[in-house]
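Analysis of the macromolecular model
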Amino acid sequence: MAGVAPDPSRAPDRLSARWLLAIAARLVSDVGTLITGAAKARKRVATFAIDGQVRFASAADRAAFAEELATAVTTLVSKYHDDTAEGGRTHRVILAVHPTVDPDTQES
């Protein structure tokens, strides 16, 4: 997946499917590394995930949802982020919105 890996030197295109795939690839790589390390240390990895679906009436509603979600998450991150927390550990937050794939209509 190196071909789609996020490039931190450029601004992300939050609306690009390629950027979403790059972020997902990094997620798989990071969590795989964490699981491997935790197994060796005989510890668990603290994670959290939400998976759900939303049906939008229009593209405008989808755009408004994305903007509102970004604002809410930014507010929440600012509330809890503390660069000065001694012994603190940085966590990555990833949120994604993409069309749902229906396995019954997907081509082989």
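The sections below set out a description of the structure shown in this document. (Residues numbered from 1 in each chain as written. Predicted model: local features only at pLDDT ≥ 70, side-chain atom pairs only at ≥ 80, totals over all residues. Heavy atoms only, no water.)

1. Quick word on the overall build of the protein
Defined as follows: Secondary structure counts use DSSP, requiring at least four H or I residues in a row for a helix and at least two E residues in a row for a strand, with both numbered from the N terminus. Throughout, exposure labels follow a simple rule: accessible area from a 1.4 Å probe, protein chains only, divided by the maximum for the residue type, with under 20% read as buried, over 50% as exposed, and the rest as partly exposed. The Shrake-Rupley method, run with a 1.4 Å probe, gives the accessible areas here. Residue values count only the displayed protein chains as cover.
Along the protein, the regular secondary structure elements total two helices and zero strands. In the protein, which comprises 108 residues, the share counted as buried stands at 7%. In the structure as shown, the protein presents an accessible area of about 10000 Å², 55% of it carried by carbon and sulfur atoms.

2. Digging into a nonpolar patch on the surface
Our working definition: Patch membership needs two things, relative accessible area over 30% and no salt bridge, and members are linked within 9 Å if like-charged or within 5 Å if nonpolar (Val, Leu, Ile, Met, Phe, Trp, Tyr). We count a salt bridge whenever a side-chain nitrogen from Lys or Arg sits within 4 Å of a carboxyl oxygen from Asp or Glu.
On the surface, L34, I35 and V45 cluster together to form a nonpolar patch covering roughly 220 Å² of accessible area. Here V45 shows up in the loop between α1 (17-41) and α2 (59-80). A residue is classified by how much of its surface remains accessible, and V45, at 31% relative accessible area, is partly exposed.

3. Digging into α1
Side chains of residues three or four places apart in an α-helix project in the same direction, reflecting 3.6 residues per turn. For clarity, the cut-off: What a helix is expected to span follows from its residue count: subtract one and scale by 1.5 Å. In protein, a polar contact means a hydrogen-donor-capable atom and an acceptor-capable atom, both N or O and within 3.5 Å, with residues adjacent in sequence counting only if both atoms are side-chain atoms; elsewhere, any N or O pair within 3.5 Å suffices.
Here α1 contains 25 residues, and its C-alpha end-to-end distance of 36 Å stays within 8% of the 36 Å for a straight helix at 1.5 Å per residue. Of all the positions in α1, only W19, A22, I23, A25 and A38 are classed as buried. Between the side-chain oxygen at the start of α1 and the backbone nitrogen of R18 there is a gap of 3.1 Å, and the oxygen is on S16. Positioned one or two residues after α1, R42 has a phi angle of 55°, which is positive.

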